[in-house]
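Given next are the chains, with one letter for each unit.
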Amino acid sequence: MAATPIAVITGASSGIGAATARTLAAAGFRVVLTARRKDRIEALAAEITEAGHQATAYPLDVTDRAAVDEFATAFRSLAVLVNNAGGALGADPVATGDPADWRRMYETNVIGTLNVTQALLPALTASGDGTIVILSSTAALSAYEGGGGYVAAKHGEHVLAETLRLEIVGTPVRVIEVAPGMVRTEEFATTRFRGDTEKAAKVYEGVDAPLTAEDVADTIGWAVTRPSHVNIDLLVVRPRAQASNTKVHRTG
C-alpha cells in the first residue's frame with residue numbers, strides 16, 4: 001500500500017494558507033501545517049482530522065533558519081511544499097516608507113521562502129515527484145503607488161521561483177507560482193494597516209466579489225494535482241472586477 005503523500009503549507013494559521021490546507025487534505029494529502037501561531041494551526045489540524053483527513057501542526061517561524069532546518073529533519077520524502085507565509089506592511093510611498101517594514105517584508109516573503117525551500121528540497125527530490133508552490137502576488141509582476149516595499153519583496157519571490165525552475169530542470173521537482181490579485185481575507189489588509197479595520201475595509205469598498213481564500217486554494221489544489229509532466233509555471237488569478245493592480249471596477 002502506497003504511503004499517503006505529504007504536503008507542507010507555511011503560513012497555515014489563516015487565510016489562503018488555512019484554505020489550502022483544507023483543500024489539499026480533502027484531495028488526499030497528509031498536510032503539515034506550519035505558522036507561528038500554535039493555537040491556530042492546532043485548531044485547524046483538529047478540524048481537518050475530525051473531517052476524516054490527516055493533519056499535523058508544527059509551530060514554525062520561517063525566518064528562523066535553525067528552526068527551519070530542524071523541522072526539515074522530519075522528512076525523508078515530501079510531495080508538496082506550499083510557500084504561503086508572507087504579507088504586507090504599510091502603504092507609504094518610497095520617499096517616506098519605513099525601512100524596518102521593507103526589511104520585515106523581505107525577510108518573511110523572500111528569505112522565509114528561501115529558507116524552507118532550501119531545507120526541504122532534498123526531501124522533495126527524494127520523493128521522485130515533488131512540487132514546490134510559491135504564492136506570490138500580482139504585485140510580483142507590476143508596481144503600484146504605495147506598494148513599493150511589498151512589490152519589491154514579491155518581485156524577489158517571483159525571481160526566486162523563475163531562477164529555481166531554471167536551476168533544477170531535469171530533476172523530478174516542479175516549481176509552480178500562483179499570483180493572486182485582490183483577495184479578501186480576514187487578516188491581510190488589516191495587518192497591512194496595523195489593525196485599522198476601517199482603512200482595511202476601504203481596500204475592498206464597492207468591489208463586487210473580490211477573490212476569497214478558498215478561490216486561491218482551489219487554484220493551488222488544481223495546479224498541484226495536474227499530471228506529473230505538467231508544470232503550471234505562473235498562474236495569475238484575479239476577480240472579474242479587477243483588470244490590473246490599479247484598475248478596479250467599484251460600484252457606487
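1. What to know about the packing of helix α1 (residues 15-26) against helix α8 (residues 213-224)
Here is step 1 of the chain: At their nearest, the axes of α1 and α8 sit 8 Å apart, and the two run at 45° to each other. Looking at the two axes, α1 sits oblique to α8. In terms of crossing hand, the pair formed by α1 and α8 is right-handed. Taking contact as the criterion, the partners of Gly15, Ile16, Ala19, Thr20, Thr23 and Leu24 in α1 are, on α8, Ala213, Glu214, Val216, Ala217, Asp218, Ile220, Gly221 and Val224.
Here is step 2 of the chain: The class makeup of the residues in the contact of α1 with α8 is 8 nonpolar, 4 polar and 2 charged.

2. Points about the packing of aromatic side chains
Here is step 1 of the chain: Under the definition given, this model contains 2 aromatic pairs.
Here is step 2 of the chain: Consider the rings of Tyr58 and Phe71, whose centres lie 4.7 Å apart with planes at 55°: the pair is tilted. Here the residue Tyr58 occupies a position in strand β3 (residues 54-59), and Phe71 occupies one in helix α3 (residues 65-72), the gap between them amounting to 13 residues.
Here is step 3 of the chain: Ring centres of Phe71 and Phe75 lie 5.1 Å apart, and the angle between their planes is 70°; on these two criteria the pair is classed as edge-to-face. In terms of burial, Phe71 and Phe75 fall into one category: buried.
Here is step 4 of the chain: Site record: aromatic cluster; members linked through ring pairs are Tyr58, Phe71 and Phe75.

3. With respect to the sheet that holds β3
Here is step 1 of the chain: The strand order across the open sheet built from 7 strands is β3-β2-β1-β4-β5-β6-β7, with neighbouring strands paired in parallel fashion. The sheet is open, and its two edges are formed by β3 and β7 (234-237), each paired on a single side. Direction aside, neighbouring strands of the sheet carry axes that sit 15° apart on average.
Here is step 2 of the chain: Inspection of the sheet shows strand β5 (residues 130-135) paired to strand β6 (residues 173-180) by 6 bridges, in the parallel sense. The residue bridging Val133 from the neighbouring strand is Ile176, located in β6.

4. Quick notes on the pattern of salt bridges
Here is step 1 of the chain: Enumeration over the complete set of coordinates arrives at 5 salt bridges.
Here is step 2 of the chain: Arg65 is the salt-bridge partner of Asp69, the closest N and O atoms lying 2.9 Å from each other. Pair noted here: Asp69 and Arg65 are both in helix α3, with a separation of 4 residues, about one helical turn.
Here is step 3 of the chain: By relative accessible area, Arg65 is classed as partly exposed at 29%.

5. Regarding the pairing of strand β4 (residues 80-83)
Here is step 1 of the chain: Residues of β4 alternate between two faces, with Val80 and Val82 on one and Leu81 and Asn83 on the opposite face, all of them buried.
Here is step 2 of the chain: When strand β1 (residues 6-9) meets β4, the two strands line up parallel, connected through 3 bridges. Bridge pairing links Ala7 to Val80 in β4.
Here is step 3 of the chain: When β4 meets β5, the two strands line up parallel, connected through 4 bridges. Bridge pairing in β5 links Val80 to Thr131.
Here is step 4 of the chain: Taken together, β4, helix α4 (residues 99-126) and β5 form a β-α-β motif whose crossover is right-handed.

Thresholds applied
- Residues numbered from 1 in each chain as written.
- Predicted model: local features only at pLDDT ≥ 70, side-chain atom pairs only at ≥ 80, totals over all residues.
- Heavy atoms only, no water.
- Axes fitted to C-alpha atoms, helices over the stretch in contact; angles between N-to-C directions.
- Helix = DSSP H or I, 4+ residues; strand = E, 2+ residues; numbered from the N terminus.
- Parallel < 35°, antiparallel > 145°, perpendicular 65-115°, else oblique.
- Left-handed = near helix turned anticlockwise from the far one by under 90°.
- Contact = heavy atoms within 4.5 Å.
- Nonpolar A, V, L, I, M, F, W, Y, C, P; charged D, E, K, R; others polar.
- Phe/Tyr/Trp six-rings, centres within 6.5 Å; stacked < 30°, edge-to-face > 60°.
- Buried < 20%, exposed > 50% of the residue type's maximum accessible area, 1.4 Å probe, protein only.
- Pairing = 2+ DSSP bridges.
- Salt bridge = Lys/Arg side-chain N within 4 Å of Asp/Glu carboxyl O.
- Right-handed = clockwise from strand over helix to strand, strands pointing away.

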